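# A structural walkthrough
Residue strings, one per chain:
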Amino acid sequence: MRIFFLLIFLLNCFVNTVNAQSETIPDAKIDKLVKQAWEDFKYSNFEKSLITSRVALNYATASKNNDLIAKSYKIIAGNYNELSEFDKAIFFYNKSLYYAYKADNDSLKHNLYNNLGNVYCFEKKQFDKGINYYKKSIAYGLKINNVSHVYFTNLNIAWAYFDIGKFKEGYPYLKFIENNIEKYGDQSTEIVVNMLTGMYANYRNENDAANAYFLSAIKAGENGEEQSDLSYAHLEYSKFLTKIKKYKEAYEHLTAYNQITEELYNQEKLKKASIAGFNLELDEYKRQIDKIENEKISQYQSLKKSRIIVILFILVSLILLVLIITLIKNIRFKKQHNLELLKAKEIAEEASLLKTQFISTISHELRTPLYGVVGITNMLLEEHKELSHSKHLSSLKFSARYLLSLVNDILQINKIEENKVILENLTFNISDEITMIKNSLSFLSQKNNNKISVYIDADIPEYLIGDKLRLAQILMNLVSNALKFTKDGEVEIKVDLCKIEGKNYFLDFLIKDNGVGIASVDQGKIFEKFVQVGRKDEDYQGTGLGLSIVKRLLGLFGSTITLESDIGQGTSFSFMIPFEYDPQKTKKIIDEIEVDLTSNEVYKILIVEDNLINQLVTKKIIEKNNYVCKVVDDGFAALDIIEKESFDLILMDINMPLMNGFETTKRIRLKQIKTPIVALTAFDKDEITDEAISSGINDIIVKPFEPLKLFKIINYLIQEAENAG
Ligand code: ADP
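Residues numbered from 1 in each chain as written. Predicted model: local features only at pLDDT ≥ 70, side-chain atom pairs only at ≥ 80, totals over all residues. Heavy atoms only, no water.

### Considerations on the overall build of the protein
Basically, it comes down to this: For the purposes of this entry, the term helix denotes a DSSP run of H or I that reaches at least four residues, the term strand denotes a run of E that reaches at least two, and both are numbered from the N terminus. Just to be clear, the radius of gyration here is over C-alpha atoms, and the globule rule we use is 2.2 Å times residues to the power 0.38. Throughout, exposure labels follow a simple rule: accessible area from a 1.4 Å probe, protein chains only, divided by the maximum for the residue type, with under 20% read as buried, over 50% as exposed, and the rest as partly exposed. Whether two residues are in contact is decided by their heavy atoms: any pair within 4.5 Å suffices. In this description, accessible areas are obtained by the Shrake-Rupley approach with a 1.4 Å probe, and a residue is regarded as covered only by the protein chains that are shown. Only four residue types enter the tally: Lys and Arg on the positive side, Asp and Glu on the negative side, with His and both chain ends excluded. Working definition for charges: the position is that of NZ of Lys, CZ of Arg, CG of Asp or CD of Glu.
Across its full length, the protein holds 25 helices and 12 strands. Taking 2.2 N^0.38 as the reference for a compact globule, 725 residues should give roughly 27 Å; the C-alpha atoms of the protein span a radius of gyration of 64 Å, well beyond that estimate. Taken across its 725 residues, the protein has 44% of its residues classed as buried. Counted over contacts in the protein with a minimum sequence separation of 6, partners at least 24 positions apart contribute 68%. Just so you have it, the protein exposes about 39,000 Å², and 55% of that area is on carbon and sulfur atoms. Looking at charge distribution, the protein has the averaged site of its 90 positive side-chain charges lying 7 Å from that of its 97 negative ones.

### A few points about helix 18 (residues 468–484)
This is how the line gets drawn: Under the convention used throughout, the expected extent of a helix is 1.5 Å for every residue step, that is, one less than its residue count.
An ideal rise of 1.5 Å per residue puts 24 Å on 17 residues; helix 18 measures up with 23 Å between its terminal C-alpha atoms. The buried fraction of helix 18 amounts to 13 of the 17 residues, a majority that puts the element mostly inside the structure.

### Quick notes on the packing of helix 16 (residues 430–440) against helix 18
Counted only if it meets this: Between N-to-C directions, angles cover 0 to 180 degrees, with each direction set by a line fitted to C-alpha atoms, over the stretch in contact for helices. Reported orientations rely on four angle classes, namely roughly parallel under 35 degrees, roughly antiparallel over 145, roughly perpendicular from 65 to 115, and oblique for the rest. A clockwise turn of the near helix away from the far one marks a right-handed crossing, whereas an anticlockwise turn of less than a right angle marks a left-handed crossing. Asp, Glu, Lys and Arg are counted as charged, while Ala, Val, Leu, Ile, Met, Phe, Trp, Tyr, Cys and Pro are counted as nonpolar; the rest, among them Gly, fall into the polar class.
Viewed as axis vectors pointing N to C, helix 16 and helix 18 meet at an angle of 40°, and their least axial separation amounts to 10 Å. Accordingly, the angle class assigned to the pair helix 16 and helix 18 is oblique. By crossing handedness, the relation of helix 16 to helix 18 is classed as right-handed. Between helix 16 and helix 18, the residues in contact are Ile430, Glu433, Ile434, Ile437 and Ser440 and Lys468, Leu471, Ala472, Leu475 and Met476, respectively. Taken together, the residues of the contact of helix 16 with helix 18 break down into 7 nonpolar, 1 polar and 2 charged.

### Focus on the sheet that holds strand 12 (residues 699–702)
Which entries qualify depends on this criterion: When DSSP finds two or more bridges between a pair of strands, those strands are recorded as paired.
Spatially, 5 strands are ordered 9-8-10-11-12 in an open sheet, and the strand pairing comes out parallel. Each edge of the open sheet is held by one strand with a lone partner, namely strand 9 (628–632) and strand 12. Strand-to-strand twist in this sheet, taken as the mean axis angle between neighbours without regard to direction, amounts to 20°. Relative to strand 9, strand 8 (residues 604–608) is paired through 5 bridges, and the arrangement is parallel. Bridge pairing in strand 9 links Val608 to Val632. Most of the contacts of helix 22 (residues 635–644) go to strand 8, to which it runs at about 155°, and overall it touches strand 8, strand 9 and strand 10 (649–652). Contacts from helix 23 (residues 661–670) reach strand 10 and strand 11 (677–681), with the element oriented near 155° to strand 10.

### Some points on the confidence of the model for the protein
The following threshold applies: Residue-level confidence of the predictor is what pLDDT reports, using numbers from 0 through 100.
Chain-level statistics for the protein give a pLDDT mean of 84 and a share of 90% at 70 or above. A low-confidence stretch, residues 1–25 stays under pLDDT 50, and its non-local contacts, those more than four residues away or across chains, total 61 contacts.

### Things to note about unusual backbone geometry
The linkage connecting Lys703 with the following residue, Pro704, adopts the cis geometry, with an omega of -10°. Residue position: Pro704 is located in the loop between strand 12 and helix 25 (707–724). The backbone of Asn626 shows a phi angle near 65°, a positive value even though the residue is not glycine. Checked against the element boundaries, Asn626 lands in the loop between helix 21 (612–624) and strand 9. Residues other than glycine seldom take positive phi values, yet Gln672 does so here, at roughly 65°. Mapped onto the elements of the fold, Gln672 is located in the loop between helix 23 and strand 11.

### Some thoughts on the packing of aromatic side chains
For the record, the criterion: Here the aromatic set is Phe, Tyr and Trp, taking the six-membered ring for Trp, and pairing holds for ring centres within 6.5 Å; pairs whose planes are under 30 degrees apart are stacked, those over 60 apart are edge-to-face, and all others are tilted.
Under the counting rule described, the total for this entry stands at 32 aromatic pairs. Note on Trp159 and Tyr232: the rings are 5.6 Å apart at their centroids and 85° apart in plane angle, and the pair reads as edge-to-face. Taken together, the residues Trp159 in helix 8 (residues 147–163) and Tyr232 in helix 12 (residues 227–243) connect sequence positions 73 residues apart. When its relative accessible area of 4% is taken as the criterion, Trp159 is described as buried.

### Looking at a nonpolar patch on the surface
Rules: Patch members must show over 30% relative accessible area and no salt bridge, and they are joined within 9 Å when carrying like charges or within 5 Å when they are nonpolar side chains of Val, Leu, Ile, Met, Phe, Trp or Tyr. A carboxyl oxygen of Asp or Glu within 4 Å of a side-chain nitrogen of Lys or Arg is what we treat as a salt bridge.
A cluster of nonpolar side chains, Ile308, Val310, Ile311, Leu312, Phe313, Ile314, Leu315, Leu318, Leu321 and Ile325, forms an exposed patch at the surface whose accessible area comes to about 940 Å². Note that Ile308 resides in helix 14 (residues 276–383).

### Here we look at the nonpolar core
Quick note on the threshold: Working definition of a nonpolar core: buried Ala, Val, Leu, Ile, Met, Phe, Trp, Tyr and Cys residues. They are joined through side-chain atoms within 4.5 Å.
Core analysis: the biggest nonpolar cluster contains 44 residues, and Phe509 and Phe575 have the highest contact counts within it. The set of elements that each furnish at least two residues to this core consists of helix 15 (391–417), helix 16, helix 18, strand 4 (490–501), strand 5 (504–513), helix 19 (546–556) and strand 7 (571–580). Here this core takes 8 residues from helix 18, the largest share from any one element. Beyond its immediate stretch of four places on either side in the chain, Phe509 contacts Ile430, Leu471, Leu475, Lys494, Val495, Phe573, Ser574, Phe575, Ile577 and Phe579. Core analysis: the next-biggest nonpolar cluster, separate from the first, contains 40 residues, Phe122, Tyr161, Phe214 and Leu230 among them.

### Side note on the pairing of strand 7
Judged by how many residues are buried, strand 7 sits mostly within the fold: 7 of 10 residues are covered. Sheet topology places strand 6 (residues 562–565) next to strand 7; 4 bridges connect them, and they run antiparallel. Residue pairing across strands places Glu564 opposite Ser572, the latter belonging to strand 7. Counted between consecutive antiparallel strands, the loop separating strand 6 from strand 7 contains 5 residues, among which Gly568 sits at a positive phi close to 75°.

### So, the pattern of salt bridges
Scanning the entire structure with this criterion turns up 26 salt bridges. Note that Glu85 is salt-bridged to Lys88, the shortest N-O span being 3.8 Å. A relative accessible area of 23% places Glu85 in the partly exposed class. Among the charged side chains, a network of salt bridges with common partners joins Asp104, Asp106, Lys109 and Lys143.

### Re the side chain of His253
The criterion, for reference: N or O atoms closer than or at 3.5 Å make up a polar contact, with two conditions inside protein: a donor-capable atom paired with an acceptor-capable one, and, for residues adjacent in sequence, both atoms drawn from side chains.
With respect to the element layout, His253 can be found in helix 13 (residues 247–274). At 3.0 Å, the side chain of His253 and the side chain of His234 are in polar contact. For His253, the residues in contact, after removing those within four places along its chain, are Ile218, His234, Tyr237, Ser238 and Leu241.

### Some details on the environment of Leu649
Mapped onto the secondary structure, Leu649 falls in strand 10. Separated by 334 residues in sequence, Leu649 and Leu315 place their C-alpha atoms 85 Å apart.

### Some remarks on helix 12
Compared with an ideal rise of 1.5 Å per residue, which puts 17 residues at 24 Å, helix 12 spans 24 Å between its outermost C-alpha atoms and is within 8% of the ideal. Taken from the residues just after helix 12, Lys245 is the one with a positive phi, measuring 65°.

Next up, the structure:
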């Protein structure tokens, strides 16, 4: 008998059943099936045992109970072992071992290694491999401190060594058995232990002892049921007897061995015959088990896949969640940010509007009295010729003009910054423009004893189209600066034709002086607002706005200014502006302008003005031209008087108490009175144009104004009204 540990395994099953029962119901059911399979196996009911163990394996695999899987495989392997299908037995023992490792069941490992040792040593005759398994079995047996198990394995290993004549190697194991025989030896091992001891004594030539042990072995065998072991005892004893030359006894024992072996063989034959039919099914059975395995693998893989899918899903969800949260946060932040930006924009717009309103109010309020001051100064000078040499009066006139230019500069710079300036297209002669500038600055050139020299490229066409007023303003600023900062020197104004691109004639302007110059450290600053450098008390007063206006105006032309200067080296400013050259267009513009506006008729003008000084100034200007005029203080008075009298033209102030100029005009127009109305206002023209037109005003003149300009407009409008009428 090989000492298989199925019995021990059963005990294990009971122990585990306790655990299994306390677990899930399926596991308890599987455990029951395993036990059933074992029972069938024990009673050599291999077919039933195999079927039951397969069902058990199926369930165990489904419930992923590695321990029960290992046990099921072990019973299957045991069945194959008994049916002498050793390769399959080895295959399933190994499977069982794999799950025993997974379940970390050392007791199972110990049993399986022992059984594998048995198959390899005694069936496959691969002793080295088999002994190796035994040794592993012993190691696990000691680990779980199950000496009784180790006892049996030692027996097996000793027998295996003795079988191949390695008595020395096998002896320590036999020694262990002898030492523990009292404790663990039982009837079933008595034959084998005695036989092995006999064999060892034989090896050592202790013939008497050997003889005694062999006889004990045979005696134990004859009293028990272990026929197989008894047969081996007879065989070994026969070998011994042959050695000591007792041939007769040797023959008897060999015969006994043959007899028992034959009986056993017959029994085996019967057993094999009884399961012969089933044997055919064994392959199918193995296939079924393989299927279970494969299903398990595919299940595992699909589980793995679904796990991966779940993990991926969770990951993707998490990422999405993070993204959504970030998005929401971003949106919120942006919303908040946008709100803040909107608020800031509103505040900035409000501030800019306030600034614009402030500047326009201030300029209006300044221009109104300035109109009076300039007007009255002019009146005084005309009416009292003897005062024309009065220093005080010319100072007054100068101061008023200076104040006016300051107001205009501030207003203009503000308008450019607000992008409210649009260049106009007027036709002009560059030579005329420069001559006009030169003449108007003659006072300044005389004051500093400067000479102005003008050079204009002969290739420049006579008439060009462009914003001549802004060009004049630029030149005026630069030339007056040159004259201011040069003494006893020369100021040069030079215009060259640089290039022609289609209708565009690019003119290069150069304003050069040999005055004090500008230090290179200051050259960047001087274009900023209100910046003045190296200003001495006796200098002509300035606002520090001139160059910044020049720079901004040039920006409107799409041009930039270049400065070359150094202290004591004089200064030259240069820039380039394209003007259009189009003779046909020029002609059209000239035709439109050159209308004869002079008239010898005496027109009757109504002045609507609340400011008494301004009433006086305007009245004087009108009467000086031999026109008749009437003055009223407010809009209501105007409405009254036009009911009674007819006028050729009405000069209407805009900013008046009770009813402003726009409202008054509207009411006049409602009365179907078509008399031309000119707004005479201190407001900036651009600011009121829209409202003026919509209320029925024909034109606007900003105070203070050039009287000539006023009369030109008056004549033009009256003539136009007469033509229409
Ligand atoms: P302002 O109206 O006070 O003259 P500008 O903006 O026109 O102001 O000029 C700024 C400063 O640039 C002046 O104060 C002066 O110092 C310097 N500057 C301008 N033009 C000249 C020049 N041709 N020669 C010397 N310095 C000049």
